[in-house]
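Listed below, chain by chain, are the residues.
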Amino acid sequence: MAYGREGGGDTVPFIRDTLTSLTRLLRTFTRSPFYAFVYLVQPLIWLLLFTQIFKSVTMLPDFPTSSYLQFFAPGLIVTLAVFNSNFTGFALLNDINFGVLEKVLVTPVNRYSLILGTVLYVAVTGVLQVAVVLIISFALGATLVTGVGGILITIVIVSLLGIGLTSLLGALALRAKRVEPLIFVSNLITLPLIFLSSALIPAYLTPDWVQTAMKFNPVNYAVLAVRPLFLTGYDWNAIGVGLVVLVAWAVAGIIIAEYAFRRFGD
Amino acid sequence: MLVKNIIETFNLTKVYNEKIRAVDDLNLAIKEGEIFGLLGPNGAGKTTTIRMLVTLTRPTSGRAVIDGHDLAKEARTIREIIGYSSQQAGVDDNAKGREYLGLFGNYYHLDGQTIKRRIDEVLVLMELEDAADRLISTYSGGMQKRLEIATALINKPKILILDEPTLGLDVQTRLRIWDYIREINKEDTTILLTTHYLEETDKLCDRVAIVDHGKIVALGTPDELKSEISGDAVTLTLPLQDPDQHAKTIERAKQLLSSQTYVRDVVARDDGLNVYVDEGSSAVPQILRVLEEADVKAEGITLTRPSLDDVFVKYTGRTLREEKGTGRGALGGVRPRGGR
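Note that the structure is predicted; figures quoted are calculated from it, not measured.

Definitions and limits used
Residues numbered from 1 in each chain as written. Chains lettered and ligands numbered in written order. Predicted model: local features only at pLDDT ≥ 70, side-chain atom pairs only at ≥ 80, totals over all residues. Helix = DSSP H or I, 4+ residues; strand = E, 2+ residues; numbered from the N terminus. Buried ≥ 20, exposed ≤ 12 C-beta atoms within 10 Å, placed from the backbone. Contact = placed C-beta atoms within 7 Å. Nonpolar A, V, L, I, M, F, W, Y, C, P; charged D, E, K, R; others polar. Pairing = 2+ DSSP bridges. Domains from an automatic or database assignment. Axes fitted to C-alpha atoms, helices over the stretch in contact; angles between N-to-C directions. Parallel < 35°, antiparallel > 145°, perpendicular 65-115°, else oblique. Left-handed = near helix turned anticlockwise from the far one by under 90°. Core = buried A, V, L, I, M, F, W, Y, C linked by C-beta atoms within 7 Å. pLDDT = per-residue confidence, 0-100.

Here we take up the overall build of chain B. Across its full length, chain B holds 11 helices and 14 strands. Taking the principal axes of the C-alpha coordinates as reference, chain B spans close to 75 × 45 × 45 Å. Taken across its 340 residues, chain B has 42% of its residues classed as buried. Counting contacts in chain B only where the partners sit at least 6 residues apart, residues at least 24 apart contribute 70% of the total.

This is how it looks when you write it as structure tokens:
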């Protein structure tokens, strides 16, 4: 961010700058038909497709529920958080490539506001995405046994996951300043992050090495925390572990992004 | 009248990858109220210099003082008083003109009333009133550039810094941008711009620094610089032979011509010679005769009034005109020039 951590201090500009950044990102979001497609149509396709393809896995012994939709809805919420983080990463790259970020950094805007504005944007769009998947899932017959409390926890977990991943991809965009490395990394990691978690299938049905890999995958911790909210009730153990892992994940992401941001001009 | 220096640099240096000295001990003093041009080829260090002055890139060593504020310690204050127009597009396709200007008004922490007023003012100045409420994606290239410059004016900066303001624009748009820059300058805004267009410096700038390899090689008003080379300039191009032979031929021709009484100065280029004479029309036939007697073939010969390009050739042995100038790398002028 072209040097200096200076720019903190004043609270009023800090809040104002944060809201300005957030508003701008949200305006782009509401304006582009592409985002409407991604956020509305995409979950619909996933839900219709996967609930058909994986219908019969529920007949396997010990499968936690008789409805794959019921099992998959929370997994999908987490899966889409991973996908949407990629989109936000690319949106940041756009700002870098067209020189918008550079122009913004020459103004006295608070540097941390720019990061926080993006973090809030990820959270807001996360809420929207959760709402869309829930509405479609409920319409198709799914239930959420923990009600409003479960929804709130889901939103927190999904936002933390998204903030961490968006920050890391944003840091990469800031360093690479080119689209190819971002495409490469996002292609490379997205599917493994999803498939090496229990988003689509219960862990006990996967080989040992996959189960080991899941232990190192933040996506899996999100799924483990969220799924019981839909199926059985609050699993405070899973929620606690999930929160610890994902807060660490998000904080690590922000620290790395902040570092990349500070060195952007050099 | 004593005019104060609004930008001063002291041995300002930027080293990339521990070896490329993009800006090399640069000492620069820009006076309040002037239009100052940094002229040089791509990779000369112009963009890097500017990026340091606008607080985007940290200097490796050296100092700069802008309007009395130390660049290293008071970046935040400096950001309040400068406007920066970059070489890149610098606009967001998804926004409307007015919204995009408003974004910068907010980032400059102006109050709502002032933002509204300034948006209207800069829209009038850059003649964009009619397009203000359209999406930027519908703008032509020239309009986008004007809007981009408008964003740099929203805070009514004391200093406007422009990096290649007319790069890639058609001639007509270029002339209009020059008019805008003069207009902005009239409102007591000091202007620092980089360019590799000779006409731009000649027509627009009060003073020029010619920059090469991160150093200033010449400094003065365009007229002062041109008067260093008096008379007419005869530009000779010699046919390319094998490199050794070529250099020898050029050197031989240089010695021959230097000894002629009507020749004031001879400067060798990679592909020929610039010969400076008092009276071009009578000198050309004589020059050709001398060359013919020495069995040196000239492939091309042109006669011109001295230009800033001749000044550039004098100090660097290369011409600026061969620069096609399409470089728009994300790192600005970092790329080292070939054949250094």
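Before going further, it helps to spend a moment on the interface of chain A and chain B. The partner chain B presents 26 residues to the 27 residues of chain A that form the contact. Of all elements in the fold, only α1 (11–31) and α4 (100–105) of chain A reach the threshold of two or more residues within the side of chain A that touches chain B. Residues belonging to the side of chain A that touches chain B are distributed by class as follows: 10 nonpolar, eight polar and nine charged.

To summarise the sheet geometry, strands pair through backbone hydrogen bonds and adopt either a parallel or an antiparallel arrangement. All names here are of chain B. A sheet is described by the order of its strands in space; here four strands give the open sequence β2-β1-β4-β5, paired in antiparallel fashion. Single-partner strands in this sheet number two, and they are β2 (20–31) and β5 (69–70). In terms of strand pairing, strand β1 (residues 5–16) meets strand β4 (residues 61–66) through five bridges, oriented antiparallel. Within β4, the residue paired with Thr13 across the bridge is Ser61.

Glancing now at helix α5 (residues 141–151) of chain B. Residue pairs three or four apart in sequence face the same way in an α-helix, which turns once every 3.6 residues. Among the 11 residues in α5(B), eight count as buried, and that is most of the element. Of the residues making up α5(B), those classed as buried are Met143(B), Lys145(B), Arg146(B), Leu147(B), Glu148(B), Ile149(B), Ala150(B) and Thr151(B). Of the surrounding elements, those touching the buried residues of α5(B) are α4 of chain A together with β6 (82–85), α3 (97–107), α4 (112–125) and α6 (171–186) of chain B.

Moving on: the environment of Ile177(B). Residues and elements named next belong to chain B. Position of Ile177 among the secondary structure elements: in helix α6. Along the primary structure Ile177 and Thr166 are separated by 11 residues, whereas in three dimensions their C-alpha atoms are 7.2 Å apart. Setting aside residues up to four positions removed in sequence, Ile177 forms contacts with Lys145, Pro165, Thr166 and Leu169.

A word on the domain arrangement of chain B. Taken as a whole, chain B is organised into domain 1 (5–225) and domain 2 (230–305). Averaged C-alpha coordinates put domain 1 of chain B and domain 2 of chain B at centres separated by 40 Å.

What follows concerns the packing of helix α3 (residues 68–97) of chain A against helix α5 (residues 111–140) of chain A. Residue and element names in this part refer to chain A. Close contact between α3 and α5 brings their axes to 10 Å; oriented N to C, the two are set at 150 degrees. Taken together, α3 and α5 sit at an angle that is classed as roughly antiparallel. You can see that α3 and α5 cross each other, and the crossing is right-handed. In this structure, α3 uses Leu69, Ala73, Leu76, Ile77, Leu80, Ala81, Asn84 and Thr88 to contact α5, whose residues at the interface are Val122, Thr125, Gly126, Gln129, Val130, Val133, Ser137 and Leu140.

Here the focus is the nonpolar core. One finds Ile77(A), Val78(A), Leu161(A), Ala222(A), Ile161(B) and Val275(B) to be the most contacted residues of the largest nonpolar core, which totals 152 residues. In terms of residue count, α3(A) provides more of this core than any other element does, 15 residues in total. When residues of this core are assigned to domains, at least three fall in each of domain 1 (5–225) and domain 2 (230–305) of chain B. For Ala222(A), the contacting residues outside a window of four places in its chain are Val78(A), Ile157(A), Val158(A), Leu161(A), Gly242(A) and Leu246(A).

So, on to the environment of Lys314(B). All names here are of chain B. Inspection of the secondary structure assignment puts Lys314 in helix α11 (residues 308–316). For the pair Lys314 and Thr47, spaced 267 residues apart in the sequence, the C-alpha separation amounts to 23 Å. Apart from the residues within four sequence positions on either side, Lys314 is in contact with Ile229 and Val267.

So, about the confidence of the model for chain A. Residue and element names in this part refer to chain A. Predicted confidence across chain A gives a mean pLDDT of 89, with 96% of residues reaching 70 or more. Per-residue pLDDT, averaged within each element of chain A, yields its smallest value for helix α2 (residues 33–53) (85) and its largest for helix α9 (residues 218–231) (95). This model gives residues 1–9 a pLDDT under 50, and the stretch forms 20 contacts once residues within four places in sequence are excluded.

This brings us to the packing of α3(A) against helix α7 (residues 179–195) of chain A. Residues and elements named next belong to chain A. One way to put it is that α3 packs onto α7 with a least axis distance of 10 Å and a crossing angle of 175 degrees. Relative to α7, α3 is oriented roughly antiparallel. Residues Thr79, Val82, Phe83, Asn86, Gly89, Phe90 and Leu93 of α3 pack against Val179, Leu182, Ser186, Thr190, Leu193 and Ile194 of α7. Its residues placed into classes, the contact of α3 with α7 shows eight nonpolar, five polar and no charged.

Another point: the sheet that holds strand β12 (residues 263–268) of chain B. Residue and element names in this part refer to chain B. One open sheet accounts for four strands, arranged β12-β13-β11-β14; its pairing is antiparallel. Two strands bound the open sheet, and with one partner strand each, they are β12 and β14 (300–304). Each neighbouring strand pair of the sheet contributes to a mean axis angle of 20 degrees, computed without reference to strand direction. Strands β11 (232–237), β13 (272–277) and β14 of the sheet are contacted by helix α10 (residues 280–293), whose axis makes an angle of about 30 degrees with β11.

We now examine the pairing of β4(B). Residue and element names in this part refer to chain B. Here β4 runs beside β5; their pairing, made up of two bridges, is antiparallel. Note that in β5 the partner of Val65 across the bridge is Asp70. Between the end of β4 and the start of β5, which pair antiparallel, lie two residues, with Asp67 showing a positive phi angle near 50 degrees.

Looking at chain B as a whole, the pLDDT averages 86, with 94% of positions reaching at least 70. Across the interfaces of the predicted complex, the ipTM metric reaches 0.84, alongside a pTM of 0.81.

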